[in-house]
Amino acid sequence: MEDALKRLAKTIETGRLKDRNKMERRLGRIQASHPQVNDLYQVARRDPPEGVRLHWEIKEDRKAGRGLREGAYRLRPNLQAGTAEELWSRYMQLTEAEASFRALKSELSIRPLFHPLEPRVKAHVMVAFLGYALWVTLKHLLKRRAAIVPQPSRSGVNNAQPFSAMKALALLSTLQSADIVLPTTDGREIRLRRITEPTAEQKPLLQQLGISLPDRFELNRKCSADSAIA
């Protein structure tokens, strides 16, 4: 906030801003942009002989409490831990649990559903849990295995940057399977199921995850609605 006030004061002092209404509006925007510390400052516009000046100072009765507003807090847990680092690591698992609900609704696109029967509720919870378990597995695979996707830098050196789970899914979402249907002279169809060719960006990511795509999928005749598939 002080940096913004200094810039405004310099603009007024150099004469680039003379309209008093515009001064008030800019000051109001600065105060609205820093609500956490706005009440610590006394800001006033003065009119000395040399021209309009902006003056501000920290309120004397607020100086003592200024250092207590830096965001520090204490925790009194019921968990047993050998070190503070271990205790903090356990505490941060709460953020993982909170992130899971956001991942279910956003990344996994599993919205809350209202089921009238308890078995359906349990089934939905199970599907959601399995989806989140796969999401966390992908995240840890990307974190533990060294990234091998080249990222060119300005200096010309390739720097390997790790993929996030969201970015990896977005990159791999274009991989699809397609059926090539070839009609025969006797009225049947030859259906070949193929996978789209991975792009230059997808190939190193698949290699990083240890995934090798097959050239084709075998069709299950018993599960096919078309019994004439060859």
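Residues numbered from 1 in each chain as written. Predicted model: local features only at pLDDT ≥ 70, side-chain atom pairs only at ≥ 80, totals over all residues. Heavy atoms only, no water.

**Focus: the overall build of the protein chain**
Part 1 of the argument: The helix and strand inventory of the protein chain stands at seven helices and five strands.
Part 2 of the argument: Ordered by position in the sequence, the α and β elements of the protein chain form the string α-α-β-β-α-α-α-α-β-β-α-β.
Part 3 of the argument: Relative to its 230 residues, the protein chain shows a buried fraction of 18%.
Part 4 of the argument: If you take every contact in the protein chain between residues at least 6 apart in sequence, the share linking residues at least 24 apart comes to 43%.
Part 5 of the argument: For the protein chain, the accessible surface area stands at approximately 17,800 Å², while carbon and sulfur atoms represent 54% of it. (Helix = DSSP H or I, 4+ residues; strand = E, 2+ residues; numbered from the N terminus. Buried < 20%, exposed > 50% of the residue type's maximum accessible area, 1.4 Å probe, protein only. Contact = heavy atoms within 4.5 Å. Areas by Shrake-Rupley, 256 points an atom, 1.4 Å probe, with all protein chains shown as cover.)

**Observations concerning the pattern of salt bridges**
Part 1 of the argument: All chains considered together, the criterion is met by seven salt bridges.
Part 2 of the argument: The residue Lys122 makes a salt bridge to Glu118 at a minimum N-O spacing of 3.5 Å. Placement of the pair is Lys122 and Glu118 together in helix α5 (residues 118–144), with a separation of four residues, close to one helical turn. The same class applies to Lys122 as to Glu118, namely exposed.
Part 3 of the argument: Across the salt bridge formed by Arg191 and Glu189, the nearest N and O atoms sit 3.0 Å from each other.
Part 4 of the argument: Here Arg191 falls in the partly exposed class, since its relative accessible area comes to 22%. (Salt bridge = Lys/Arg side-chain N within 4 Å of Asp/Glu carboxyl O.)

**Comments concerning the sheet that holds strand β4 (residues 189–195)**
Part 1 of the argument: Spatial ordering of the open sheet is given by β3-β4-β5, a layout of three strands whose pairing is antiparallel. With one partner strand each, in any of the chains shown, β3 (177–183) and β5 (216–217) form the two edges of the open sheet.
Part 2 of the argument: Two strands pair when backbone bridges link them, and β4 and β5 are joined in this way by two bridges, in the antiparallel orientation. What sits directly across from Arg193, in β5, is Phe217. (Pairing = 2+ DSSP bridges.)

**What to know about empty space enclosed by the protein**
Part 1 of the argument: Enumeration over the complete set of coordinates arrives at one cavity of 30 Å³ or more.
Part 2 of the argument: Empty space within the largest cavity amounts to approximately 50 Å³.
Part 3 of the argument: Around the largest cavity, the lining residues are Leu8, Ile12, Met23, Glu24, Leu27, Arg45 and Leu54.
Part 4 of the argument: Elements represented by at least two residues in the lining of the largest cavity include exactly α1 (2–13) and α2 (20–33).
Part 5 of the argument: Examining the composition of the lining of the largest cavity, we find that three residues originate from one element, α2, more than from any other.
Part 6 of the argument: Each residue belonging to the lining of the largest cavity can be placed in one class, and the counts come to five nonpolar, no polar and two charged. (1 Å grid on protein atoms, 1.4 Å probe; cavity = no way out; pocket = protein on both sides within 12 Å on 5 of 7 lines; lining within 4 Å. Points joined across faces, edges and corners; volume = space filled by probe spheres on them. Nonpolar A, V, L, I, M, F, W, Y, C, P; charged D, E, K, R; others polar.)

**A short note on the side chain of Thr11**
Part 1 of the argument: Note on placement: Thr11 falls in helix α1.
Part 2 of the argument: On the accessibility criterion, Thr11 (13% relative accessible area) is buried.
Part 3 of the argument: Setting aside residues no more than four positions away along its own chain, Thr11 makes contact with Arg16, Leu17 and Arg26.

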